[in-house]
Amino acid sequence: MQISLSRRRLFGAAWTGMLALLFALGTAQAASVPESTDPIKLAKYDWTGQHVTTEVVAEILRRMGYKVEIVQTTQVPSLQAISDGEIHASMEWWNQANKPLYDKAVEEKRIDPLGPTGLIGSEGWYYPSYVAEKCPGLPDWRALEKCAEIFATPETAPKGRVLDYPAEWNPDAQVWIDALGLKLVAVASGGEGATAAEVKSAVARQEPILLQWWEPTWLVTEYKLNILKLDSDGVACTKAQGAKIPTTKMFDCAGKPIGIVKFVWPGMKDKWPAAYKFLKAFQMTNEWQGPMAKQVEIEGQKLEDVAKKWVDANEAAWKPWVEQATK
Ligand code: TMO
């Protein structure tokens, strides 16, 4: 195509050259993936569900012909890295405690928002179902006014413990404990794996455990965890509002769903337009992510293999996203 184009130009047939050029541009566009062979860098955070989402995206991008790199980080620092183009995409960002940072970055056009990821999330305090026998009144939060001490550990006794999120996730259980006036103490977890190990051990011994956690997660389904209800009589909502707690938990009276979103480096649209369109169309669901996370966490399968298997088995889901991105 290029040779014939330059030959026509040599012959001086300007109008033919123009037509050929237009034709070349047309074909080039459809056939140009990858638009750049530089690696597309995806942010990998510190929980398994997000690893699954990210690896599925990486696998599809590779099949499209892109080079992909996974960059291990956490949510807050990744926002700056994506603004700067050091990382190019975040495919599962939770707009909870970090929502103000996200909103500001969008407003200042430092990141390009791609909308909801497709997951439906909730957060709150969870306990294994057998705990209800030792704390009559659960799942209503007021049951904790009488039985907080059953959750005590040597470091929190006589108060009960809420095993909170790790520091990187902006844990806020203590703010809620204070607002609600409960005899509990929030203790930060070492991370998803550390919390999972504690839950597993508590369940094995049938001992009470109360933890700040979220869904969708394999931990909730695997250990049949129940969520505490703090909104039955409106009292918890009033107390939380009085304390001006910003995060959206199940006991937040506004009842707004948590935004679980994706966003990219603002330069992505121009550098990798087809990848950009694909990422915009991409969706992950609770029903897809749950079993994959379980295969990684419980069955010890390799993340990459789990993602490849999903991509092999679900062409009907993702092929249309790729086709509309590359046509
Ligand atoms: C780690 N989390 C999904 C709660 O943001």
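So, here's what we can say about the structure. (Residues numbered from 1 in each chain as written. Predicted model: local features only at pLDDT ≥ 70, side-chain atom pairs only at ≥ 80, totals over all residues. Heavy atoms only, no water.)

1. Topic: the overall build of the chain
The helix and strand inventory of the chain stands at 16 helices and ten strands. Taken across its 327 residues, the chain has 48% of its residues classed as buried. Here the contacts in the chain between residues at least 6 apart in sequence split such that 73% fall between residues at least 24 apart. Of the roughly 15,600 Å² that the chain leaves accessible, carbon and sulfur atoms contribute 56%. (Helix = DSSP H or I, 4+ residues; strand = E, 2+ residues; numbered from the N terminus. Buried < 20%, exposed > 50% of the residue type's maximum accessible area, 1.4 Å probe, protein only. Contact = heavy atoms within 4.5 Å. Areas by Shrake-Rupley, 256 points an atom, 1.4 Å probe, with all protein chains shown as cover.)

2. Thoughts on the packing of aromatic side chains
What characterises a pair of aromatic rings is the spacing of the ring centres plus the angle enclosed by the ring planes. One pass over the full model with this rule turns up 18 aromatic pairs. Their ring planes at 75° and their centres at 5.1 Å tell us that Tyr165 and Trp169 sit as a pair that is edge-to-face. (Phe/Tyr/Trp six-rings, centres within 6.5 Å; stacked < 30°, edge-to-face > 60°.)

3. Concerning the site of the ligand
Contacts to the ligand come from Trp47, Gln75, Trp94, Glu123, Tyr165, Trp169 and Trp214. Relative to its unbound accessible surface of 210 Å², the ligand loses 96% to contact with the protein. In terms of residue class, the shell around the ligand is made up of five nonpolar, one polar and one charged. Per-domain counts for the shell around the ligand show at least three residues from each of domain 1 (40-119 + 259-325) and domain 2 (122-242). (Near = heavy atom within 4 Å. Nonpolar A, V, L, I, M, F, W, Y, C, P; charged D, E, K, R; others polar. Domains from an automatic or database assignment.)

4. Here we look at the environment of Ile70
Relative to the elements of secondary structure, Ile70 occurs in strand β2 (residues 68-72). Looking at Ile70, the relative accessible area reads 32%, which means it is partly exposed. Taking C-alpha positions, Ile70 is 8.0 Å from Ala58, a pair spaced twelve residues apart along the chain.

5. Comments concerning helix α14 (residues 286-297)
Compared with the 16 Å implied by 1.5 Å per residue over twelve residues, the 16 Å span of α14 between its first and last C-alpha is a close match. Residues of α14 that are buried include every one of Gln289, Met292, Ala293 and Val296, and no others. The arc that holds the buried residues of α14, viewed along the axis, is 100°, so those residues lie on one side. Elements that come into contact with the buried residues of α14 comprise α3 (48-64), β3 (89-95), α10 (218-222) and α15 (303-313). (Expected span 1.5 Å × (residues − 1). Arc of directions from axis to C-beta.)

6. With respect to the pairing of strand β10 (residues 259-264)
One face of the sheet, then the other: side chains in a regular strand alternate in exactly this way. Counting buried positions along β10 yields five of six residues, so the element is predominantly enclosed. As paired strands, β3 and β10 are joined by five bridges and run antiparallel to one another. Within β10, the position partnered with Trp94 by the bridge is Ile260. Sheet analysis places strand β4 (residues 112-116) next to β10, joined by three bridges and oriented antiparallel. When the bridges of β10 are listed, Pro116 appears paired with Val261. (Pairing = 2+ DSSP bridges.)

7. A look at the pattern of salt bridges
Scanning all chains against the criterion turns up 13 salt bridges. Here Arg110 ties to Glu108 by a salt bridge, and the two come within 2.8 Å at their closest N and O atoms. Glu108 gets classed as partly exposed once you look at its relative accessible area, which sits at 40%. A single salt-bridge network, built from bridges that share partners, covers Glu55, Glu59, Arg62, Arg63 and Asp312. (Salt bridge = Lys/Arg side-chain N within 4 Å of Asp/Glu carboxyl O.)

8. Quick word on the environment of Glu92
By the secondary structure assignment, Glu92 is in strand β3. Glu92 sits in the buried class, given a relative accessible area of 1%. A C-alpha to C-alpha distance of 9.0 Å links Glu92 and His51, two positions 41 residues apart in sequence. Among all residues touching Glu92, those that are not within four sequence positions of it are Tyr45, Trp47, Gly49, Gln50, Thr53, Thr117, Leu119, Ile260, Val261 and Gln289. Side chain to side chain, Glu92 and Trp94 meet in a polar contact 3.0 Å long. A distance of 2.9 Å separates polar atoms of two side chains, one belonging to Glu92 and the other to Gln289. (Polar contact = N/O pair within 3.5 Å; in protein donor to acceptor, adjacent residues only side chain to side chain.)

9. A few points about the packing of α3 against helix α13 (residues 273-281)
For the pair α3 and α13, interaxial distance at closest approach is 11 Å and the crossing angle is 145°. Here the hand of the crossing between α3 and α13 comes out right-handed. Contact with α3, carried on its side by Val57, Ile60, Leu61 and Met64, involves Ala274, Ala275, Phe278 and Leu279 of α13 and no other residues of that element. Tallied by class, the residues present in the contact of α3 with α13 amount to eight nonpolar, no polar and no charged. (Axes fitted to C-alpha atoms, helices over the stretch in contact; angles between N-to-C directions. Left-handed = near helix turned anticlockwise from the far one by under 90°.)

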